[in-house]
Amino acid sequence: MPLTGNATADSGPSGKTSEAYRKKFQIRLITVLVGGMFLDGYILGIIGPVAHTIETNVVGMTTAWIGLEAASALIGIMIGSPIGGWLADKLGRKPLLFWDIVLFTVASAAQLFVDGPLELFLVRLAMGLAVGIEYAVGWPLLAEFAPTHLRGRLLGGTVIAWYAGFCVAYIVGYYLNKAGVSWNIVLATSTPIAAAILIGRIGLPESPLWLWSKGKQDQAKGIVGKYLDTDYMTDMVKAKSGGPAGSIAMLFSPSVWRSTLFTAGFWACAVTPYFAIATFADNLLKDFGLTGLLGGVSLSVFAVLGVTATILVVDRVKRRTLTVPPQWIAAIVLVIAGLWAGAPPMIMLALFLLFSFLNAGYTAMTAIYPSEVFPTEVRGLGTGFAAAGSRVGAAAGLFLIPISIENLGVSTTVLIAAAITFVGAALSQWLAPETGGKPLSELAENVSH
């Protein structure tokens, strides 16, 4: 899926480069950014199949600790996202994109050597910090390189990678655990993937739109001339250049607060029920008479299908249409599942699969909206803040769900997930904007007014 539009194929002293060179760069950029999202899904999915093994084999591992281990990466994301976003808006996208994958690779490898609850928590917390930085940098960078007519599909495509990573991790973890492979090795299977992405990120250029916003116009034009096209240049020069630096206060200013509240709230209500249900799918589905790999993997497969369906139409259908109605339907599906505890197992599985499909479809919009509704000065910080807000809820859900299942039962736990989904639907009905088909420069101008 090329990023360029009407680029000229030319190479010479003027600094312009061939179309083949640009396409090679585009493939590389998309690969390493999509890879970052795959890793996020992978580390969150890999712990589910080995959670019971860890609980029974690690001294001092209690039910509460298992919840914390599952939530540790999310807590790291909650901390790393706003910090990474602030640094990305201040120092640039390029350095953060490289050093966050370095941190992730080192922490992933360290999982081979941990042997206690606290050590495991701290290592996965560090991995979460790296992923949080990835959210705050990767999506804004991709949005700032993408042409308007492909932006939705490119950003949404990273969500497919997230669900694919979660699904692959679940399968890998299930079979390795079944084969008796050490849980340390199972968790550390993310390390070679991270190392490959690290190599691919060496030498990537800075975002031209970020350079332009900082008043570095010559550098921005040089990067556009080398990697992008004349259409991109036309849109970029319409954007404000050399304005005041972004700040946390700007996120809550009269012109931006709606974007801040919507992105953080919508994202939290979208991912919290999915994390809770998918991570502990075995326990949930077992209560309804379903055991084995089928239930957990099916949820991830249907999630990938849901994201794919959204991505296929995202640049042709209104953003609000893909965001608001599916949330109302998903909430109703969970209410049915929670109240109909005596339903036949296959009907219950069908309800959870339908929820997974719908939820993933509108969750794809969480990769798109933050990069579109925040101006360049706070695009990284706004995305990071939204990611942090979402992970507060998701981390709380992962920590509390095993306790909730144990003390309140599965049906009540599912009804709580339904209530969260209803909140997200109402918030989106109120605040979700229509941003499709508009250049980032135009969207930023609309926000400022």
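Here, every reference points to the structure presented above.
Summarised in this report is the structure supplied together with it. What you are looking at is a predicted structure, and each value in this text was computed from that prediction instead of being measured.

Remarks on the overall build of the protein
Moving on, step 1. Helix and strand counts for the protein stand at 20 helices and zero strands.
Moving on, step 2. In the protein, which comprises 449 residues, the share counted as buried stands at 58%.

Topic: the environment of Glu19
Moving on, step 1. Mapped onto the elements of the fold, Glu19 is located in helix α1 (residues 19–57).
Moving on, step 2. For the pair Glu19 and Tyr227, spaced 208 residues apart in the sequence, the C-alpha separation amounts to 8.9 Å.

Details of the nonpolar core
Moving on, step 1. Core analysis: the biggest nonpolar cluster contains 122 residues, and Ile54, Phe104, Tyr135, Tyr163, Trp183 and Leu187 have the highest contact counts within it.
Moving on, step 2. Tallying contributions element by element places α1 first for this core, with 15 residues.
Moving on, step 3. Counting contributing residues, this core receives three or more from each of domain 1 (18–204) and domain 2 (248–448).
Moving on, step 4. If we ignore the near neighbours within four places in the chain, the residues touching Ile54 are Ile47, Met61, Ile66, Leu120, Trp183 and Leu187.

Here we look at a nonpolar patch on the surface
Moving on, step 1. Taken together, the side chains of Val301, Phe302, Leu305 and Phe357 define a hydrophobic patch exposed on the protein surface, amounting to about 300 Å² of accessible area.
Moving on, step 2. In terms of residue count, the dominant contributor to the nonpolar patch is helix α14 (residues 293–313) (three residues).
Moving on, step 3. In this fold, Val301 is placed in helix α14.

Remarks on the packing of aromatic side chains
Between two aromatic rings, the relevant description is the distance of the centres plus the angle of the planes.
Moving on, step 1. Applying the stated criterion across every chain yields a total of 17 aromatic pairs.
Moving on, step 2. Each ring, one from Phe98 and one from Trp99, has its centre 5.1 Å from the other, and the planes form 80°; the classification is edge-to-face.
Moving on, step 3. With a centroid separation of 5.0 Å and 35° between ring planes, the pair formed by Tyr135 and Trp139 is classed as tilted. Residue Tyr135 and its partner Trp139 are both found in helix α4 (residues 117–145); the two are separated by four residues, about one turn of the helix.
Moving on, step 4. The exposure class assigned to Trp139 is buried, which follows from its relative accessible area of 4%.

As for the packing of helix α3 (residues 93–110) against helix α7 (residues 191–201)
Relative placement of two packed helices is described by the angle separating their axes and the distance separating the axes.
Moving on, step 1. Relative to each other, α3 and α7 sit at 160°, their axes nearing to 9 Å. By the angle class used here, α3 and α7 are roughly antiparallel. In this structure, α3 meets α7 at a crossing whose hand is left-handed. Listed contacts from α7 to Leu97, Phe98, Asp100, Ile101, Val102, Phe104, Thr105, Ser108 and Ala109 of α3 are Thr191, Ala194, Ala195, Ile197, Leu198 and Arg201.
Moving on, step 2. For the contact of α3 with α7, the class distribution of residues is ten nonpolar, three polar and two charged.

Here we look at helix α5 (residues 148–178)
Moving on, step 1. The end-to-end C-alpha separation of α5 is 46 Å, in line with the 45 Å expected for 31 residues at 1.5 Å each.
Moving on, step 2. Gly180 lies just past α5 and shows a positive phi near 85°.

Brief notes about empty space enclosed by the protein
Moving on, step 1. Considering all chains together, one arrives at two cavities of 30 Å³ or more under this definition.
Moving on, step 2. Roughly 120 Å³ of volume is contained in the largest cavity.
Moving on, step 3. Surrounding the largest cavity, 14 residues form its lining, Tyr135, Trp162, Val271, Thr363 and Arg391 being those nearest its centre.
Moving on, step 4. Only α1, α4, α5 and α12 (257–279) provide two or more residues apiece to the lining of the largest cavity.
Moving on, step 5. In terms of residue count, α12 provides more of the lining of the largest cavity than any other element does, four residues in total.
Moving on, step 6. In terms of residue class, the lining of the largest cavity is made up of ten nonpolar, two polar and two charged.
Moving on, step 7. When residues are assigned to domains, the lining of the largest cavity turns out to be shared by domain 1 (18–204) and domain 2 (248–448), each giving three or more.
Moving on, step 8. Considering only enclosed or pocket space, the second largest cavity measures out at about 60 Å³ in volume.
Moving on, step 9. In terms of lining, the second largest cavity is formed by Gly36, Leu39, Asp40, Asp100, Ile101, Phe104, Ala130, Val131 and Glu134.
Moving on, step 10. At the level of elements, α1, α3 and α4 are the ones that each hand at least two residues to the lining of the second largest cavity.

Points about the environment of Gly36
Moving on, step 1. Summarising the element assignment, Gly36 is placed in helix α1.
Moving on, step 2. Of the residues examined, Gly36 reaches a relative accessible area of 5% and is grouped as buried.
Moving on, step 3. For Gly36 and Phe104, which are 68 residues apart along the polypeptide, the C-alpha to C-alpha distance reads 9.9 Å.
Moving on, step 4. Filtering out sequence-adjacent residues up to four positions away, Gly36 remains in contact with Glu134, Ile197 and Arg201.

Considerations on the pattern of salt bridges
Moving on, step 1. Per the counting criterion, the structure on display carries nine salt bridges.
Moving on, step 2. A salt bridge links Arg151 to Glu372; the shortest N-O distance between them is 2.8 Å. In this pair, Arg151 is assigned in helix α5 and Glu372 in helix α17 (residues 369–373), connecting sequence segments 221 residues apart.
Moving on, step 3. The class for Glu372 is buried, based on a relative accessible area of 2%.
Moving on, step 4. The closest approach of N and O atoms between Arg319 and Glu372, which form a salt bridge, is 2.7 Å. With Arg319 in helix α15 (residues 319–339) and Glu372 in helix α17, this residue pair connects regions lying 53 residues apart in the sequence. With respect to class, Arg319 is no different from Glu372; both count as buried.

Things to note about the side chain of Glu372
Moving on, step 1. Polar contacts involving the side chain of Glu372 include one to the side chain of Arg151, which spans 2.8 Å.
Moving on, step 2. A distance of 2.4 Å separates polar atoms of two side chains, one belonging to Glu372 and the other to Thr435.

Quick notes on the packing of α15 against helix α16 (residues 345–363)
Moving on, step 1. Close contact between α15 and α16 brings their axes to 9 Å; oriented N to C, the two are set at 160°. Between α15 and α16, the interaxial angle falls into the category roughly antiparallel. Considering the relative orientation of α15 and α16, their crossing is left-handed. Packed against α15, whose contacting residues are Leu322, Thr323, Pro326, Gln327, Ile329, Ala330, Val333, Leu334, Ile336 and Ala337, the element α16 presents Met348, Leu351, Leu354, Phe355, Leu358 and Tyr362 at the interface.
Moving on, step 2. The residue makeup of the contact of α15 with α16, split by class, is 14 nonpolar, two polar and no charged.

Thresholds, definitions, all that
Residues numbered from 1 in each chain as written. Predicted model: local features only at pLDDT ≥ 70, side-chain atom pairs only at ≥ 80, totals over all residues. Heavy atoms only, no water. Helix = DSSP H or I, 4+ residues; strand = E, 2+ residues; numbered from the N terminus. Buried < 20%, exposed > 50% of the residue type's maximum accessible area, 1.4 Å probe, protein only. Core = buried A, V, L, I, M, F, W, Y, C linked by side-chain atoms within 4.5 Å. Domains from an automatic or database assignment. Contact = heavy atoms within 4.5 Å. Patch = residues over 30% accessible without salt bridge, like charges linked within 9 Å, V, L, I, M, F, W, Y side chains within 5 Å. Areas by Shrake-Rupley, 256 points an atom, 1.4 Å probe, with all protein chains shown as cover. Salt bridge = Lys/Arg side-chain N within 4 Å of Asp/Glu carboxyl O. Phe/Tyr/Trp six-rings, centres within 6.5 Å; stacked < 30°, edge-to-face > 60°. Axes fitted to C-alpha atoms, helices over the stretch in contact; angles between N-to-C directions. Parallel < 35°, antiparallel > 145°, perpendicular 65-115°, else oblique. Left-handed = near helix turned anticlockwise from the far one by under 90°. Nonpolar A, V, L, I, M, F, W, Y, C, P; charged D, E, K, R; others polar. Expected span 1.5 Å × (residues − 1). 1 Å grid on protein atoms, 1.4 Å probe; cavity = no way out; pocket = protein on both sides within 12 Å on 5 of 7 lines; lining within 4 Å. Points joined across faces, edges and corners; volume = space filled by probe spheres on them. Polar contact = N/O pair within 3.5 Å; in protein donor to acceptor, adjacent residues only side chain to side chain.

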